[in-house]
Structure formats: structure tokens, C-alpha cells
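Structural description and commentary
If you want the building blocks of each chain, they are given just below.
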Amino acid sequence: MKRELITQSTCRWCGEEIADHERDEDRSLHNECAARIVIGSLAHVEERCSCYMPGSTENDPPNMTKREAAIAALKAFKLKQMRTDGQAH
Ligand SMILES: [Zn+2]
Ligand SMILES: [Zn+2]
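Residues numbered from 1 in each chain as written. Chains lettered and ligands numbered in written order. Predicted model: local features only at pLDDT ≥ 70, side-chain atom pairs only at ≥ 80, totals over all residues.

**Some remarks on the overall build of the chain**
- Within the chain one finds 3 helices and 0 strands.
- N-terminal to C-terminal, the α/β element order of the chain is α-α-α.
- Look at the contacts in the chain between residues 6 or more apart in sequence, and 43% of them connect residues 24 or more apart. (Helix = DSSP H or I, 4+ residues; strand = E, 2+ residues; numbered from the N terminus. Contact = placed C-beta atoms within 7 Å.)

Next up, the structure:
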């Protein structure tokens with residue numbers, strides 16, 4: 001029997017279902033989750049993680065789902081970029 005190529009319906013990062021309009025190019029991640037993998041955790045974006053504070057255990061907020069944390073991290077990242085841009089001009 002021939003194996004058919006199936007488009008994955010759940011996100012590789014958060015495990016939640018992906019609606020067609022939410023897919024990034026590789027079709028197995030939400031846009032936000034794809035961004036989260038690149039930009040790091042919410043704590044990392046907010047510079048509270050162990051990269052900035054030795055010994056810190058801050059990561060994604062434990063009260064958020066992976067998806068929610070990805071959305072929050074992306075939002076914080078965009079805010080940070082806006083602030084940085086503001087300083088540069
Ligand atoms: Zn996802
Ligand atoms: Zn970090």
C-alpha cells in the first residue's frame with residue numbers, strides 16, 4: 001500500500017490543532033509557535049531568564065499553555081523591537 005503524505009493537523013511545538021490560515025510555511029507549526037522557537041521563551045524575551053540572570057529558572061509562564069506562551073513571547077518580542085527601534089532613531 002502506498003503511503004500518502006498527510007498534512008499534519010497538529011502543531012509540532014504546542015500540540016494543538018492548526019487552522020489552515022494559522023500555518024507557517026512548513027505547515028506543521030502555528031505562526032506564533034514558529035516564531036517562539038526562534039525568539040525563545042517569554043522570560044528570555046523579557047531578559048529574565050538564565051541567559052541574563054545567572055541561576056534564573058524563569059521560562060514560559062507555568063500558568064499558560066505552550067500556545068499561549070508562544071503568543072505572549074511573540075507579543076513581548078514585538079514590543080521590545082518597537083522600543084529598540086524608538087531608541088535607534
Ligand atoms: Zn502551536
Ligand atoms: Zn534565555
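**Quick notes on the environment of Leu-29**
- Checked against the element boundaries, Leu-29 lands in the segment before α1 (31-39).
- Given 23 C-beta atoms within 10 Å, Leu-29 falls into the buried group.
- Linking Leu-29 and Ser-9, residues 20 residues apart in sequence, is a C-alpha distance of 9.1 Å. (Buried ≥ 20, exposed ≤ 12 C-beta atoms within 10 Å, placed from the backbone.)

**Section: the nonpolar core**
- Core analysis: the biggest nonpolar cluster contains 14 residues, and Cys-11, Cys-33, Leu-42, Ala-70 and Ala-73 have the highest contact counts within it.
- The set of elements that each furnish at least two residues to this core consists of α1, α2 (42-45) and α3 (66-88).
- Examining the composition of this core, we find that 5 residues originate from one element, α3, more than from any other.
- Not counting residues within four places of it along the chain, the set of residues in contact with Leu-42 comprises Asp-60, Pro-61, Ala-69, Ala-72, Ala-73 and Ala-76. (Core = buried A, V, L, I, M, F, W, Y, C linked by C-beta atoms within 7 Å.)

**Overview of unusual backbone geometry**
- Phi angles above zero are rare outside glycine, and Glu-47 is one such case at about 60°.
- Assignment of secondary structure puts Glu-47 in the loop between α2 and α3.
- For Glu-47, a count of 13 C-beta atoms within 10 Å puts it in the partly exposed group.

That's the geometry; what it means functionally is another story.
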